[in-house]
Amino acid sequence: MKYRKNSRYIVTALPKDEALRIRLENLGFTEGAEIRFGQTAPLGNPVIAFVRGTSYAFRLSTLEKIDLRRQEF
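Cut-offs applied
Residues numbered from 1 in each chain as written. Predicted model: local features only at pLDDT ≥ 70, side-chain atom pairs only at ≥ 80, totals over all residues. Heavy atoms only, no water. Pairing = 2+ DSSP bridges. Helix = DSSP H or I, 4+ residues; strand = E, 2+ residues; numbered from the N terminus. Axes fitted to C-alpha atoms, helices over the stretch in contact; angles between N-to-C directions. Salt bridge = Lys/Arg side-chain N within 4 Å of Asp/Glu carboxyl O. Buried < 20%, exposed > 50% of the residue type's maximum accessible area, 1.4 Å probe, protein only. Core = buried A, V, L, I, M, F, W, Y, C linked by side-chain atoms within 4.5 Å. Contact = heavy atoms within 4.5 Å. Phe/Tyr/Trp six-rings, centres within 6.5 Å; stacked < 30°, edge-to-face > 60°. Lys NZ or Arg CZ within 6 Å of the ring centre and 35° of its normal.

Chemist: Now, about the sheet that holds strand β2 (residues 34-40): what can you tell me, with residues and values included?
Modeler: An order of β4-β3-β2-β1-β5 is seen for the five strands of this open sheet, with the pairing classed as antiparallel. For this open sheet the edge positions go to β4 (54-58) and β5 (67-70), each flanked by a neighbour on one side alone. On average, each strand axis in the sheet is tilted by 40° relative to the strand beside it, whichever way the strands run. The pairing of strand β1 (residues 8-13) with β5 spans four bridges and is classified as antiparallel. Bridged to Ala 13 within β5 is Asp 67.

Chemist: Let's hear about the pattern of salt bridges: which residues, and what values?
Modeler: Applying the stated criterion across every chain, the model contains two salt bridges. Salt-bridge contacts for Arg 8 lead to Glu 34; the nearest nitrogen and oxygen are separated by 2.8 Å. Linking Arg 8 in strand β1 with Glu 34 in strand β2, this pair joins segments that are 26 residues apart in sequence. On the accessibility criterion, Glu 34 (33% relative accessible area) is partly exposed. With a shortest N-O distance of 3.6 Å, Arg 21 and Glu 25 are connected by a salt bridge. Of this pair, Arg 21 and Glu 25 both sit in helix α1 (residues 18-27), four residues apart, which is roughly one turn of that helix.

Chemist: I'd like a rundown of the nonpolar core, residues and numbers included.
Modeler: By size, the foremost hydrophobic cluster in this structure holds 18 residues, and its most contacted members are Val 11, Phe 29, Ile 35, Phe 37, Ile 66 and Leu 68. When residues of this core are traced back to their parent elements, those giving at least two are β1, α1, β2, β3 (47-51) and β4. Among the elements that line this core, the one with the most residues is β3, at three residues. For Leu 68, the contacting residues outside a window of four places in its chain are Tyr 3, Tyr 9, Ile 10, Val 11, Thr 12, Ile 35 and Phe 37.

Chemist: Give a description of the packing of aromatic side chains that names residues and reports values.
Modeler: Evaluation of the coordinates by the stated rule reveals four aromatic pairs. The interplanar angle of 75° and the centroid separation of 5.5 Å between the aromatic rings of Tyr 9 and Phe 37 together place this pair among those described as edge-to-face. In this pair, Tyr 9 sits in strand β1 while Phe 37 sits in strand β2, placing the two residues 28 residues apart along the sequence. For the pair shown, Tyr 9 and Phe 37 are each scored as buried. With a centroid separation of 6.1 Å and an interplanar angle of 55°, the aromatic rings of Tyr 56 and Phe 58 are classed as tilted. Ring pairs connect the aromatic residues Phe 29, Tyr 56 and Phe 58, which therefore count as one cluster. Lying across the ring of Phe 50, Arg 36 places its NZ or CZ 4.2 Å from the centre.

Now the structure itself:
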């Protein structure tokens with residue numbers, strides 16, 4: 001999935017891997033949380049994600065494990 005700058009998504013489900021799920025929950029990634037994507041590296045990996053007022057850099061492989069629904073305006 002390609003994440004464009006300023007696109008917004010809603011978290012619908014977290015990964016089943018317990019260690020990753022707990023880490024994401026501690027960062028603010030909970031079901032129903034809104035994620036806004038910022039800049040990406042030139043080759044598209046990593047991606048900057050803004051969640052609850054904080055920015056994080058994620059690899060695409062990690063983001064693909066999270067179920068996201070695009071939010072339309």
